[in-house]
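Residues per chain, in single letters:
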Amino acid sequence: GNGPSGICLSYLLSGYIPYFKRHSLHPHPILQRKLEEAPEVSILDQDLEYLSEGLEGRSNSPVALLFDTLQRPDTDFGGTAESVLTWWQEPDRAIPHLVLGRNAPGGAWHSIEGSMVTLSRGEWMGLPDLPFKEWLKQKRRGLRNNRATAEDIAQYYQYYVMKKGLQKNFRCGTVVTSVRKVGAESISNHTQKDLQEDSDSLWNSNEQSTKVFQVDGFFKTVKGDKEPFSIYAENVVLATGTYDSPTWLGVKGENLSYVHHQLSALEEAVKNNSIGIMSDPVLIVGAGLTAADAILFAQHCNIPVIHVFRRRVSDPGLIFNQLPKMMYPEYHKVHQMMKEQTAACAGPYERYVSLPEHNVLSFGKGKKCIFQDKNGCQKAYKISMALVLTGSNPNLSFLPNNGIDLAMVSDQPVNPKRNPIDVDPFTYECTQEKGLYALGPLAGDNFVRFVQGGALAVASSLLKKENKNPP
């Protein structure tokens, strides 16, 4: 994966080493004291568990909190204190690696509608040693409400890879189809029989001979051909995010051509004039931020909307009930509409109807959709198109058993929020499979500012394995 997690890890594996900046002062006195104990030893070579002990914040990962607070010491309190890290390039400590990704560096940020504004503050989207705000200044732009657009972020990540000289490690336009452990001897003879599973383990881990991972896949060439490749590696890092497979409702008719599972379908329909002001309403299913973005986009284009979601409007689990109004006025407006503009009572908002505590029962031919409320009462609506925006799941089909064996609950699919991959909190190595690491949403870190701590943990672990000139 070549999103923020993969880019950040590539930076750390390219010989860029963080140290505590002498004479800098961190607002956390205990952390400051620990940092002063060995300023000549890089952060990567220190005991991350010791440094992160006692830190609190908006992530459950101690290393994520550590790396975040070293880069943005008082950001949660609205402060702008400078990073207490200084970066040294030490080429002899670089670890050879490849970053494989389907698209340009930046991962899923290239698939998000460019004008969408991020949930996180702009400065939280930045990667090490190149503040996002500084890059934006070069473009002579400011941050709206302290937040950035998806297009800005996608461009920044591409610029970061170029500016830091990481391009040689990136292979874009690649699709990985299989990752599995093989006996070291199969590298030389490449025969298929060595790759047959010869033990009970899905990972084929016959201890005597199994040392490496075989990564298979294909490059998409400029002409559109598929060129196969096989790579052998001692360590593999999974950083493929969660954007791959939109969640389906599993109801009748969901595979009909007017039912879509991505916001881009609405943008496309508006662009080619297949829907407009006079159309039947667009149905939007879901009560997360993507559904809210779709509602805002439809409102902007004067397209009528029916909004269906299962929860109560006042449910504390609803993301809108967790966002400060001042920072997120547009999402607050959507929440207001959800409350005030139900089918039962008309409110002040045109072209929008909210149906809280409703389920979709079926999508029929002729674009007719049937809903059911909490009392079992059914309603039918004629719509122009449906957008089911109820979250997404990672696609781990390239792993044995879809990676299920690696998850916290090892008989359920991997899910970033409910069932992430089980990793060691200070190395991010999979507890079930040595040499395999997981980063970002796959390991339960869902915000760019917090995925970077995972990259720090992986880099620290790999450097210790390589034993590259430790202090």
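Scroll up to find the structure this text is about.
Residues numbered from 1 in each chain as written. Predicted model: local features only at pLDDT ≥ 70, side-chain atom pairs only at ≥ 80, totals over all residues. Heavy atoms only, no water.

Caption draft 1: Highlighting the sheet that holds strand β12 (residues 259-260). Within the open sheet, the five strands sit side by side as β12-β19-β13-β14-β15. Their pairing is parallel. In the strand order of this sheet, the two ends are held by β12 and β15 (352-355), each with one partner. Inspection of the sheet shows strand β13 (residues 282-285) paired to strand β14 (residues 305-308) by four bridges, in the parallel sense. Looking across to β14, one finds that V285 is bridged to V308. Of the strands in this sheet, β13, β14, β15 and β19 (385-388) are in contact with helix α10 (residues 289-300), which crosses β14 at around 165°. (Pairing = 2+ DSSP bridges. Helix = DSSP H or I, 4+ residues; strand = E, 2+ residues; numbered from the N terminus. Contact = heavy atoms within 4.5 Å. Axes fitted to C-alpha atoms, helices over the stretch in contact; angles between N-to-C directions.)

Caption draft 2: Seen up close, the packing of aromatic side chains. The full count for this structure, using the stated rule, is 13 aromatic pairs. Measuring from centroid to centroid gives 5.4 Å for Y156 and Y157, while their planes differ by 55°, and the two rings are tilted. Assigned by exposure class, Y156 and Y157 land together as buried. By the ring-pair criterion, three or more aromatic residues cluster together here, those being Y11, Y16, F67, W87, F132, W135, Y156, Y157, Y159 and Y160. Over the ring of Y50 we find K34, and its NZ or CZ is 4.8 Å from the ring centre. (Phe/Tyr/Trp six-rings, centres within 6.5 Å; stacked < 30°, edge-to-face > 60°. Buried < 20%, exposed > 50% of the residue type's maximum accessible area, 1.4 Å probe, protein only. Lys NZ or Arg CZ within 6 Å of the ring centre and 35° of its normal.)

Caption draft 3: Geometry of the packing of helix α9 (residues 264-271) against α10. Between α9 and α10, whose axes approach to 10 Å, the crossing angle comes to 15°. Classed by the angle they form, the pair α9 and α10 counts as roughly parallel. For α9 against α10, the interelement crossing comes out left-handed. Across the interface between the two elements, L266, E267 and V270 of α9 pack against A294, F297 and A298 of α10. (Parallel < 35°, antiparallel > 145°, perpendicular 65-115°, else oblique. Left-handed = near helix turned anticlockwise from the far one by under 90°.)

Caption draft 4: Looking closely at the packing of helix α1 (residues 4-13) against helix α6 (residues 150-163). Direction vectors running N to C along α1 and α6 enclose 15°, while the axes themselves pass 11 Å from each other. As summarised for this structure, α1 and α6 are arranged roughly parallel, according to the angle between their axes. Our pair here, α1 against α6, has a crossing hand that is left-handed. In this structure, α1 contributes P4, I7 and Y11 to the contact, and α6 contributes Y157, Y160 and V161. Here the residues of the contact of α1 with α6 are counted per class, giving six nonpolar, no polar and no charged. (Nonpolar A, V, L, I, M, F, W, Y, C, P; charged D, E, K, R; others polar.)

Caption draft 5: Main features of the sheet that holds strand β17 (residues 368-373). One open sheet accounts for three strands, arranged β16-β17-β18; its pairing is antiparallel. Among the strands making up the open sheet, the edge pair consists of β16 (358-364) and β18 (378-382). Across the sheet, the axes of successive neighbouring strands diverge by a mean angle of 25°, strand direction being ignored. Relative to β17, β16 is paired through six bridges, and the arrangement is antiparallel. Following the sheet pairing, N359 is matched in β17 by Q372.

Caption draft 6: Region of the structure containing the environment of A150. In this structure, A150 sits in helix α6. Taking relative accessible area as the criterion, A150 reaches 1% and is therefore assigned buried. On a C-alpha basis, the gap between A150 and A108 in space is 9.8 Å, while along the polypeptide they are 42 residues apart.

Caption draft 7: The pattern of salt bridges, seen in detail. Across all of its chains, the model carries ten salt bridges by this definition. A salt bridge links K21 to E82, with the shortest nitrogen-to-oxygen separation between them at 3.6 Å. In this pair, K21 is assigned in the loop between β1 (16-20) and α2 (29-37) and E82 in the loop between α4 (62-71) and β2 (85-89), connecting sequence segments 61 residues apart. When its relative accessible area of 27% is taken as the criterion, K21 is described as partly exposed. You can call E82 exposed: its relative accessible area is 63%. The closest approach of N and O atoms between D280 and K382, which form a salt bridge, is 3.5 Å. One end of the pair, D280, is in the loop between α9 and β13; the other, K382, is in strand β18, with 102 residues separating them in the sequence. By relative accessible area, which is 33% here, D280 ends up partly exposed. Note on K382: relative accessible area 46%, which makes it partly exposed. (Salt bridge = Lys/Arg side-chain N within 4 Å of Asp/Glu carboxyl O.)

Caption draft 8: Looking closely at the nonpolar core. Core analysis: the largest hydrophobic core is formed by 76 residues, its most contacted members being L238 and I421. With nine residues, the single largest contributor to this core is helix α12 (residues 448-466). Those residues in contact with L238 that sit more than four places away from it in its chain are F398, L399, L406, I421, L436, Y437, A438, L439 and L442. Listed in part, the 33 residues of the second largest apolar core include A269, C301, I303 and Y349. (Core = buried A, V, L, I, M, F, W, Y, C linked by side-chain atoms within 4.5 Å.)

Caption draft 9: Just α9, in detail. Those residues of α9 lying buried are A265, L266, E267 and A269. Where α9 ends, the next residue or the one after it, N273, has phi of about 60°, a positive value.

Caption draft 10: A look at unusual backbone geometry. Positioned with a positive phi, D129 is a non-glycine residue whose angle comes to about 60°. The residue D129 is located in the loop between β4 (117-121) and α5 (132-138) in this model. You will see that N402, though not glycine, has its phi angle at about 55°, which is positive. By the element assignment, N402 lies in the loop between β20 (392-393) and β21 (436-438). A residue is classified by how much of its surface remains accessible, and N402, at 42% relative accessible area, is partly exposed.

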